[in-house]
Each structure stands twice: as structure tokens, then as C-alpha cells.
Amino acid sequence: MRPRSMMAISVAAMAALCMAVLLPGSTTAVVEKRFITHSGAVISTTGEVLDPLYTASTVEFDPDEYLRNFEYGRVSQEDGQTIREYTIIARDDQVQEISPGVFYNVWTYNGTVPGPTIRATEGDIVRIQFINQGSKQHTMHFHGIHPAEMDGVFEIVGPGGGQFTYEFEAGPVGVHPYHCHVMPLEEHIVHGLYGVFIVDPAGGRPAADEMVMVLNGFDTDFDGENNFYAANTVPFYYQHHPIRIQQDELVRVYAVNMVEFDPINNFHLHGNLYYYYPTGTDTVPSHYTDMVTLSQTERGILEFSYSYPGQYVFHAHKVEFSEKGWVGTFLVDGPS
Ligand SMILES: [Cu+2]
């Protein structure tokens, strides 16, 4: 256990208290909870919160590590075809501090939200040993082309160690989501059981600084509306930790909208325009724009390069979302 976590336990435990507050004009006592977060902030809330203690099942997610991490699997050859094997473990008992003081029960593939970015070349065989170590039924449903029995909808995988092997040929070329497909679907997705599946064309793509952004939201008070929004899970993360890129270098963003409840999300880039490839399935961009709007699981590839150094914002132009966390910055480094 890291020292910071140990300190958080003792500090949070000492500081945690509850008190009844009578709101003006109301006769209903509202329970207010007050505690100190791992960053030292004092938080008061009358909303639903989980036990604000760090435990062995607390997820600490690093958006910088996730951003440029691509999982190519364990690679072998069978009959001249490339096989990419993965082991994916689902859990539903972990807790993550979504925002300072707000602890939320995340459901994870391999311990993170989003799950690992799975990457293959069109025509490769993707073989996934899926293990459900959760307490509920879960599956993996990939968007893309595959046989019905590999669709992760009817082949429910039971809790407590149930297993299923998904195997299919990667395709078509593009950027696709994968997610759990057990009912109620909204619940399984909003808790975090999703990730990105990238299929490259044979011969690859032109060299670029590549990154993945999953646009997600969290309903931390369980009222069917999101309280926080983000690019890669942690609200405001890339605003406080700018993504460093190079002037005149091609940047390629694989963006996937996994926000539940809200019918739309969008991606606006400052000081620049990008070439946009819907679903990433075509080699010719459909738009040259600074703004696309995406519905649930809509996704695409954005390509751009900055002509001038400096710091540039990117965010949802649905302003409510950016004010609740879906905002970040690129820091463009000029020639040294
Ligand atoms: Cu599930």
C-alpha cells in the first residue's frame, strides 16, 4: 500500500462524520456527510457516497498511461494467420475516486475504466479468454463483423469465475467500442465495462503520435443523469496535465463516445481543424472541421497537426459537459 493511501485511510477515518441538517422551509432531516479526500480537501455532501476509504479494491487510474497504451496481445502464427490472444478479467467490486471525495463503484475489464485498448490488423484472429470474476453476469460484445455466437449477447458468462473464449477475425478497419451486453445494459455500461478495439489496415497507418480518448460520464448519485464527464475517466485531468505534442507532427486521436443517458456528446478542438474519419472505416476523411457531434458509441478518428506552438483547449461544446469535466489541453512544443 502506498504511503499516500495509508495517510488517506487514517485522515479520512478520523474526519468522517455525519450530521443531520434541516434545510430552510423543510421539515425533512437531510444527512450530510463530511470527510477529507486524499488530496486534503474537505468535502460535504448530502448525496449518496460510498465509504471514502482506500482499500485493496480501490482503483487508481492513470489517464496518461491509458492515453497512448495499445495492447497487441500475445502474438503467434497459425496456418499463416496472425493470432492475437488476450486474457480479460471482469470485476464489479472495485471503487474509484471519480472526483475528489466522490467514490464510485466501478465495474472493470482488467482493473480499469476504460478496459485495455485492443489493437489488431484486419484479418488477424483475435482470441480473448474472458473470465468473469464479478458478482453479476457479464459478457464482452465487440462492435464489428463476427459470427453470431461471438457477439457476447446470448452467451451470458456467469459470476464467480465463469469463462468464455471469444474468437473472430478482426474487421472491418476502424475504431470500435467493446462493452458488456448484459441487461440492464445502461447499468453495465455506465459503471465502466467498456473499452476500445482498433483494427488497422494491412500495411498500417501513416506514422503519427497516436492516442485514445474515451468520452465517458459517471452517474454517481444513481438518478439516471451523469454528474461527471471526462475524456478518459478523470474529470479535468488533461486540463491540469496537458497532453504534450510536437509542432507540425501528425496527431491521430481515436475517439469513442461511451456516455450513457445523454443523447449527444461532441469534440471541439481549439486553434485548429481536424480531418475526421467516421468510425475510422474509410481512408478518405468525411469532414475538415473543428467540431463533431457523437451519439452513443459513435466514434471516429481525428487527424491534425498544429502550425503554432502553445497551449490549446479541446472540449465538449455541450458546455454542461465541459464544465463537469470533459475538457483538456494540448501543449504544443515548438522546435527546441
Ligand atoms: Cu456486465
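Residues numbered from 1 in each chain as written. Predicted model: local features only at pLDDT ≥ 70, side-chain atom pairs only at ≥ 80, totals over all residues.

Once that is clear, we can look at the overall build of the protein. In terms of helices and strands, the protein carries 5 helices and 24 strands. The buried share of the protein, taken over its 336 residues, is 39%. Restricting to contacts in the protein with at least 6 residues of sequence separation, those with at least 24 account for 68%. (Helix = DSSP H or I, 4+ residues; strand = E, 2+ residues; numbered from the N terminus. Buried ≥ 20, exposed ≤ 12 C-beta atoms within 10 Å, placed from the backbone. Contact = placed C-beta atoms within 7 Å.)

Mapped onto the fold, Asp93 is located in strand 6 (residues 81-99). In this structure Asp93 comes out as partly exposed when scored by C-beta crowding, with 13 C-beta atoms within 10 Å.

Turning next to the nonpolar core. One finds Leu215 and Tyr254 to be the most contacted residues of the largest nonpolar core, which totals 74 residues. Looking at this core, you find at least three residues from each of domain 2 (63-200) and domain 3 (209-333). When sequence neighbours within four positions are dropped, the list of residues in contact with Leu215 reads Ala231, Ala255, Val256, Asn257, Met258, Val259, Asn265 and Trp326. (Core = buried A, V, L, I, M, F, W, Y, C linked by C-beta atoms within 7 Å. Domains from an automatic or database assignment.)

For Tyr86, the location among the structural elements is in strand 6. Residue classification places Tyr86 among the partly exposed residues on the basis of 19 C-beta atoms within 10 Å. Between the alpha carbons of Tyr86 and Thr165 there is a distance of 9.7 Å; along the sequence they are 79 residues apart. Those residues in contact with Tyr86 that lie beyond four places of it in its chain are Glu71, Gly73, Ile118 and Ile128.

A word on the environment of Tyr166. Within the secondary structure layout, Tyr166 lies in strand 11 (residues 162-169). With 81 residues separating them in the primary sequence, Tyr166 and Glu85 have C-alpha atoms 9.9 Å apart. Once you skip the residues sitting within four places of it in the chain, Tyr166 turns out to touch Ile128, Phe130, Met140, Met150 and Gly152.

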